[in-house]
Amino acid sequence: MCAIAGILNLNVDGEILQRMLSSMARRGPDEDGVEGGPDWALLHARLTIIDPEGGKQPMKLAWAGERYTLVYNGELYNTGELRRELITLGHQFKGHSDTEVVLHGFAQWGEAVLERMNGIFALAVYLEKAKRLFLARDRIGVKPLFFAIHDGGLLFASEIKTILCYPGVRPQIDAQGCAELIMLGPGRLPGSGVFRGIREVEPGCCGWYEQGSLRLWRYWKLKDREHTQSFQETSDMVRELVVDAIKRQMVSDVPLGTFLSGGLDSSIISAVCAGEMQKRGEVLQTFSVDYRDNDLFFVPGKFQPNSDGEYIRIMQRFLGSEHHETVLTPEDLLDVLEAATLARDLPGMADVDFSLLAFCREIRPYVKMALSGECADEIFGGYPWYRDPEVRALEGFPWAQNTIFREELLHPDIRSRVNGRELVMDAYRDTCTASDILPGLPEQERRIREMVNLNFRYFMQTLLDRKDRMSMYCGLEVRVPFCDYRIAEYLYSIPWEFKDWQGKEKGLLRHAMAGILPEQVLWRKKSPYPKTFDPQYGKLVRDRVKHLLEEKDAPLFAVVNRDTVRRLFSEEPVWPWYGQLMRTPQTFAWLLQLDFWLRRYHLEILH
């Protein structure tokens, strides 16, 4: 994976380019490059995974009278098929990188190449003679791509920090941005960069920049179709798609590993990878994270009925993997609070982010690429809010049913200018309305499809942001096989009674994977990403917030209501802050992130 950036119709001074490249170095520590002309430049920083020599970027190609320059961040999982097709059309290749295939594919098919690509990507292609730039992002939104229209020109980059390097781009946030942070955080509106003037190319979108104007459109969305297969046929197809996606995403010229939590999703991926590597006489490296003394403090609950350790050990023995365990302390989590915020360029998921960054940092000395089980719950309906009819029926985002509290947390000045509840409900209803749903479906089926789209557009994007930024900050590429768009397209229209087979969360996936996993892991009740239960962590974050409350001019209190923060010390909100992992300790940690972000980025709050 890599970092990409570009400047069009603006000054491309060498000092500016170097400053932008420096901001990209963590995503691409191996090498960097620049191509351009008097008023344009494409920048690339590379984390080398495939074809070290043949995959250098920016990559250029002269074809059919045009000169193309590509910068690309991602991985193409059907490289072989596309290369063979392009060779029959007269294309010749110098190496075996997917980058070269993407470039030749674009030269051959133009924007229609996106329909042929199975992968995760953000890309930009400049046509030198036509003086046009094409931007695109993968269907699911695994790889990031931000942009800003500035002084009549265009800036784009993998991360916001790179755009902020350009002279004259000021770190500003207006009342709308403040409200978005508090009402939706750590999520954000689709297409929003939160910073004033900075936007994000949405998942499944692409567009052209020419003559000073950027026009974007959606080239992919989930479409409902009639599902006519039996349950067994559906289960067989799910197994075929999932196994194929995992095998495709193992392609690498560097050592790979897998995240292994002992849960269903990571265990499936690890089992398929271990089987493939065993055929080659290789041993899979697996990685897990835990917290000091968590066995002492763990208390079973509705969302996490049992701890992971026992199941990780079962899987490690089953796989015969070379296993590495990272054990974190509360102090370890707070030590990376600032780094995790810098990695996202925004306040994130608090210690859910902190632990992942610390974990990835420990993995990186062993492997450069890993596979992880994100997004199976969104696609297969594994979350509690899919399965609880009462929660499912509630209006609003089911993982954040705390709109009243969030609005009370907004600073009164911002509340007077932005209707927080309206912002949330408009976003919620717009997504439900835009969901593609066949007419005449039973109400439950309609609602499940709305829930899938809500998760795809919001909750899943927050998790994908987390996985991309925390891993790439450590120079580690993490792939997510369940985000293969073929799986998402197929699962969207499958009846809920199939997905919820035998009343089990992800019952269809469990049935499909019979024989691949030990029975006790295959049927283990869902357990979320591990978090610390150590009361010391809660004390540490509370103490830090108390210090902020005593600080007269803490930037935090230009955005949030000081009195509402004080209430958190004595009142436990009815609903979690964000999903099952962010409760009061994580809310405190998120407020610490928000304060650090305002300080470090020197945010100018516009009134």
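Look up a bit, the structure's there.
Residues numbered from 1 in each chain as written. Predicted model: local features only at pLDDT ≥ 70, side-chain atom pairs only at ≥ 80, totals over all residues. Heavy atoms only, no water.

Caption draft 1: Region of the structure containing the pattern of salt bridges. The tally for this structure, following the rule as stated, stands at 54 salt bridges. Of the charged contacts, one joins Glu505 and Arg510 as a salt bridge, the two residues approaching to 2.9 Å between their closest N and O atoms. Judged by relative accessible area, Glu505 falls into the buried class, the value being 7%. If you follow the salt bridges from partner to partner, you end up with Arg27, Arg137, Lys143, Glu159, Lys161, Arg188, Glu200, Asp345, Asp465, Asp468 and Arg469 in one network. (Salt bridge = Lys/Arg side-chain N within 4 Å of Asp/Glu carboxyl O. Buried < 20%, exposed > 50% of the residue type's maximum accessible area, 1.4 Å probe, protein only.)

Caption draft 2: Examining the side chain of Lys368 more closely. With respect to the element layout, Lys368 can be found in the loop between helix 12 (351-363) and strand 17 (369-371). Using a relative accessible area of 14% as the deciding quantity, one classes Lys368 as buried. In this structure the side chain of Lys368 is engaged in a polar contact, spanning 2.8 Å, whose partner is the side chain of Asp30. (Helix = DSSP H or I, 4+ residues; strand = E, 2+ residues; numbered from the N terminus. Polar contact = N/O pair within 3.5 Å; in protein donor to acceptor, adjacent residues only side chain to side chain.)

Caption draft 3: Fine view of the layout of surface pockets. In this structure, the largest pocket encloses a volume near 440 Å³. Taken together, 26 residues make up the lining of the largest pocket; nearest its centre are Glu202, Pro203, Arg218, Phe456 and Arg457. Residue assignment for the lining of the largest pocket shows that the elements contributing at least two residues are helix 18 (420-434) and helix 19 (443-473). Residue composition of the lining of the largest pocket, by class: 10 nonpolar, seven polar and nine charged. (1 Å grid on protein atoms, 1.4 Å probe; cavity = no way out; pocket = protein on both sides within 12 Å on 5 of 7 lines; lining within 4 Å. Points joined across faces, edges and corners; volume = space filled by probe spheres on them. Nonpolar A, V, L, I, M, F, W, Y, C, P; charged D, E, K, R; others polar.)

Caption draft 4: Representation of the sheet that holds strand 7 (residues 132-137) within the structure. Strands sit in the order 4-5-6-7-12-13 across an open sheet of six strands; the sheet is antiparallel. Of all strands in the sheet, those bounded by a partner on one side alone are strand 4 (59-63) and strand 13 (213-218). With direction set aside, neighbouring strand axes in the sheet form an average angle of 20°. In this sheet, strand 13 lies alongside strand 12 (residues 205-210) in antiparallel orientation, the contact comprising six bridges. Of the residues in strand 13, the one forming a bridge with Cys205 is Arg218. (Pairing = 2+ DSSP bridges. Axes fitted to C-alpha atoms, helices over the stretch in contact; angles between N-to-C directions.)

Caption draft 5: Spotlight on the pairing of strand 9 (residues 153-157). When you tally the buried positions in strand 9, you get five out of five residues, the bulk of the element. Here strand 9 shows two buried faces, one formed by Gly153, Leu155 and Ala157 and the other by Leu154 and Phe156. Where strand 1 (residues 2-8) meets strand 9, four bridges bridge the pair, whose relative direction is antiparallel. When the sheet's bridge partners are listed, Ile7 is paired in strand 9 with Leu155. Bridging between strand 8 (residues 146-150) and strand 9 involves five bridges; their strand directions are antiparallel. Bridging across to strand 9, His150 finds its partner in Gly153. In this antiparallel pair of consecutive strands, strand 8 and strand 9, the connection spans two residues, and Asp151 shows a positive phi of 50°.

Caption draft 6: Just the packing of aromatic side chains, in detail. Per the stated rule, a full pass over the model turns up 26 aromatic pairs. Between Phe459 and Tyr578, the ring centres sit 5.4 Å apart and the planes meet at 25°, which makes this aromatic pair stacked. Note that Phe459 is positioned in helix 19 and Tyr578 in the loop between helix 25 (562-567) and helix 26 (584-600), a separation of 119 residues in sequence. When its relative accessible area of 4% is taken as the criterion, Phe459 is described as buried. An aromatic cluster is defined as three or more aromatic residues linked by ring pairs; in this entry it consists of Tyr383, Trp385, Phe397, Trp399, Tyr428, Tyr458, Phe459 and Tyr578. In this structure, Arg139 packs its charged tip against the face of Tyr485, placed 3.6 Å from the ring centre. (Phe/Tyr/Trp six-rings, centres within 6.5 Å; stacked < 30°, edge-to-face > 60°. Lys NZ or Arg CZ within 6 Å of the ring centre and 35° of its normal.)

Caption draft 7: Representation of the side chain of Arg344 in the model. Secondary-structure assignment places Arg344 in helix 11 (residues 337-344). When its relative accessible area of 6% is taken as the criterion, Arg344 is described as buried. A polar contact is formed between the side chain of Arg344 and the backbone oxygen of Thr462, at a distance of 3.2 Å. With residues near it in sequence (within four places) discarded, Arg344 still touches Pro186, Met349, Asp353, Thr462, Asp465, Arg466, Arg469 and Met470. (Contact = heavy atoms within 4.5 Å.)

Caption draft 8: Main features of empty space enclosed by the protein. A complete count under the given rule lists nine cavities of 30 Å³ or more for this structure. Computed from the structure, the second largest cavity encloses a volume of approximately 120 Å³. In terms of lining, the second largest cavity is formed by 15 residues, of which the most central are Cys2, Arg46, Gly74, Asp98 and Thr99. At the level of secondary structure, the elements contributing two or more residues to the lining of the second largest cavity comprise strand 5 (66-76) and helix 3 (98-109). Among the elements that line the lining of the second largest cavity, the one with the most residues is strand 5, at three residues. Tallied by class, residues from the lining of the second largest cavity come to six nonpolar, six polar and three charged.

Caption draft 9: Structural detail: the packing of helix 18 against helix 19. Where helix 18 contacts helix 19, the two axes come as close as 9 Å, and the packing angle between them is 120°. When the axes of helix 18 and helix 19 are compared, the pair comes out oblique. By crossing handedness, the relation of helix 18 to helix 19 is classed as right-handed. Together, Ala427, Tyr428, Thr431 and Cys432 of helix 18 and Arg447, Glu450, Asn453, Leu454, Arg457 and Tyr458 of helix 19 make up the contact between the two elements. (Parallel < 35°, antiparallel > 145°, perpendicular 65-115°, else oblique. Left-handed = near helix turned anticlockwise from the far one by under 90°.)

Caption draft 10: Inspection of the sheet that holds strand 15 (residues 285-291) at higher detail. Strand order across the open sheet formed by five strands is 16-15-14-17-18, with parallel pairing between neighbours. The outermost strands of the open sheet, each flanked by one partner alone, are strand 16 (322-328) and strand 18 (477-479). On average, adjacent strands in this sheet sit at an angle of 30° to one another, irrespective of strand direction. As paired elements, strand 14 (residues 256-259) and strand 15 share three bridges and run parallel to each other. Its bridge partner being in strand 15, Thr258 is matched across the sheet by Thr286.

Caption draft 11: Representation of unusual backbone geometry in the model. Each neighbour pair has its own omega, and for Gln57 with Pro58 the value is -5°, a cis peptide bond. By the element assignment, Pro58 lies in the loop between strand 3 (40-46) and strand 4. A cis amide bond links Gly185 with the next residue in sequence, Pro186, at an omega value of 5°. Structurally, Pro186 is set in the loop between helix 5 (175-184) and strand 11 (198-200).

Caption draft 12: Quick peek at helix 19. Over its 31 residues, helix 19 runs 43 Å from end to end, which matches the ideal 45 Å to within 8%, given 1.5 Å per residue. A maximum bend of about 45° is found in helix 19 at Asn455. Downstream of helix 19 by a residue or two, Gly475 has a phi angle that is positive, lying close to 70°. (Expected span 1.5 Å × (residues − 1). Bend = angle between axes of the 7 residues up to and from the residue.)

Keep in mind that these numbers describe shape and distance, not what the molecule does.
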